[in-house]
Amino acid sequence: QKEVEQNSGPLSVPEGAIASLNCTYSDRGSQSFFWYRQYSGKSPELIMFIYSNGDKEDGRFTAQLNKASQYVSLLIRDSQPSDSATYLCAVQSGGSYIPTFGRGTSLIVHP
Amino acid sequence: GAGVSQSPSNKVTEKGKDVELRCDPISGHTALYWYRQSLGQGLEFLIYFQGNSAPDKSGLPSDRFSAERTGGSVSTLTIQRTQQEDSAVYLCASRRDRNTEAFFGQGTRLTVV
């Protein structure tokens, strides 16, 4: 059973701070990692994907992947109230073409 | 199309009735997925289509659920003899190919009363 674990939160950070969202996964053969943002009542929208160990930056977002420790994280710099949402981590194994999603972490950015 | 389109956006049905949910993927996307999301829960995989290959049905919760994809494009998810526990948001996603990022439709909110 391939598992993707996320702390459900809520994670509360002040506006302007760095929000750090973490995700661990059980399958060592995982090769593709995705972060989605889901606003209440809306469908998930892709923020970033990462395939290689290390950091990948896109604007205020940085994805960090550590395959040896089996975790992937998302950092949001200069957090804004509009970043308040649930963040879903999705992991796909090398031998599978089906992304497995975690339950998501609720982020609240307060002014 | 510009994005993944799902219809209807909302569906209320009586217990025991059959429902059909439609997904129109992004043009040219060969991979199509159905997930469902119950209130406060994560995304539960249902079924995966890749090109003309046989679908991966491993996530379908019971034989009341079925799906087809015609001509490698539009997909229909059918739920027969609906039960109250089928109430959820049904999300469709498509990808250009099996290793790229997936894009979701706006979902169909199904309520079984």
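Residues numbered from 1 in each chain as written. Chains lettered and ligands numbered in written order. Predicted model: local features only at pLDDT ≥ 70, side-chain atom pairs only at ≥ 80, totals over all residues. Heavy atoms only, no water.

Chemist: Lay out the layout of surface pockets in plain terms, naming residues and giving numbers.
Modeler: The computed volume of the largest pocket comes to approximately 670 Å³. Lining the largest pocket are 30 residues, and of these Gln38 and Gly41 of chain A together with Gln37, Gly40 and Arg109 of chain B sit closest to its centre. Among the secondary structure elements, those contributing two or more residues to the lining of the largest pocket are strand 9 (85–93) and strand 11 (105–110) of chain A together with strand 8 (88–95) and strand 10 (108–112) of chain B. (1 Å grid on protein atoms, 1.4 Å probe; cavity = no way out; pocket = protein on both sides within 12 Å on 5 of 7 lines; lining within 4 Å. Points joined across faces, edges and corners; volume = space filled by probe spheres on them. Helix = DSSP H or I, 4+ residues; strand = E, 2+ residues; numbered from the N terminus.)

Chemist: Residues and numbers for the pattern of salt bridges, please.
Modeler: For the structure shown, the criterion picks out seven salt bridges over all chains. Measuring nitrogen to oxygen at the nearest pair gives 2.9 Å for the salt bridge that ties Asp83 of chain A to Arg60 of chain A. In this pair, Asp83 of chain A is assigned in the loop between strand 8 (71–76) and strand 9 and Arg60 of chain A in the loop between strand 6 (54–58) and strand 7 (61–66), connecting sequence segments 23 residues apart. Residue Asp83 of chain A is classed as buried on the basis of its relative accessible area, which comes to 1%. For Asp24 of chain B, the salt bridge is made with Arg22 of chain B, and the minimal N-O distance between the two is 4.0 Å. For Asp24 of chain B, a relative accessible area of 29% puts it in the partly exposed group. (Salt bridge = Lys/Arg side-chain N within 4 Å of Asp/Glu carboxyl O. Buried < 20%, exposed > 50% of the residue type's maximum accessible area, 1.4 Å probe, protein only.)

Chemist: Report on the state of the cysteines, specifying residues and quantitative values.
Modeler: Note on terminology: disulfide describes a covalent bond linking the sulfur atoms of two cysteines. Counted under the stated rule, the structure contains two disulfides over all chains. Note on cysteine connectivity: Cys23 of chain A is disulfide-linked to Cys89 of chain A, with sulfurs 2.1 Å apart. Between Cys23 of chain A and Cys89 of chain A, the S-S torsion sits near -70°, and that sign places the bridge as left-handed. Residue Cys23 of chain A is located in strand 3 (residues 19–25), and its partner Cys89 of chain A is located in strand 9; the two are separated by 66 residues in the primary sequence. Two residues, Cys23 of chain B and Cys92 of chain B, share a disulfide whose sulfurs are 1.9 Å apart. The sign of the S-S torsion, about -65°, decides the handedness of the disulfide formed by Cys23 of chain B and Cys92 of chain B: left-handed. Pair noted here: Cys23 of chain B is in strand 3 (residues 19–24) and Cys92 of chain B is in strand 8, with a separation of 69 residues, a long-range link. Residue classification places Cys92 of chain B among the buried residues on the basis of a relative accessible area of 0%. (Disulfide = S-S within 2.5 Å.)

Chemist: I'd like a rundown of the pairing of strand 5 (residues 45–50) of chain A, residues and numbers included.
Modeler: Residues and elements named next belong to chain A. As paired elements, strand 4 (residues 30–38) and strand 5 share five bridges and run antiparallel to each other. Looking across to strand 5, one finds that Trp35 is bridged to Met48. Where strand 4 folds back on strand 5, the antiparallel hairpin that results is connected by six residues, among which Gly41 adopts a positive phi of roughly 80°. (Pairing = 2+ DSSP bridges.)

Chemist: I'd love a proper account of the sheet that holds strand 1 (residues 5–7) of chain B, names of residues and values included.
Modeler: Note on sheets: strands pair through backbone hydrogen bonds, and any given pair is parallel or antiparallel. Residues and elements named next belong to chain B. Spatial ordering of the open sheet is given by 1-3-7-6, a layout of four strands whose pairing is antiparallel. The outermost strands of the open sheet, each flanked by one partner alone, are strand 1 and strand 6 (65–69). Adjacent strand axes in the sheet meet at a mean angle of 15°, parallel and antiparallel pairs treated alike. Bridging between strand 1 and strand 3 involves three bridges; their strand directions are antiparallel. Bridge pairing links Ser5 to Asp24 in strand 3. (Axes fitted to C-alpha atoms, helices over the stretch in contact; angles between N-to-C directions.)

Chemist: Report on unusual backbone geometry, specifying residues and quantitative values.
Modeler: Geometrically, the link from Gly9 of chain A to Pro10 of chain A is a cis peptide bond, its omega value of 10° lying close to zero. Mapped onto the elements, Pro10 of chain A comes out in the loop between strand 1 (4–5) and strand 2 (11–14). For the bond running from Ser7 of chain B to Pro8 of chain B, omega is -10°, close enough to zero to count as cis. Relative to the assigned elements, Pro8 of chain B resides in the loop between strand 1 and strand 2 (10–13). Located in the positive-phi region is Gln70 of chain A, a residue other than glycine, with phi close to 60°. For Gln70 of chain A, the position within the fold is in the loop between strand 7 and strand 8. Among the residues examined, Gln70 of chain A registers a relative accessible area of 12% and is labelled buried. Even without glycine at this site, Asp78 of chain A takes up a positive phi of about 45°. Structurally, Asp78 of chain A can be placed in the loop between strand 8 and strand 9.

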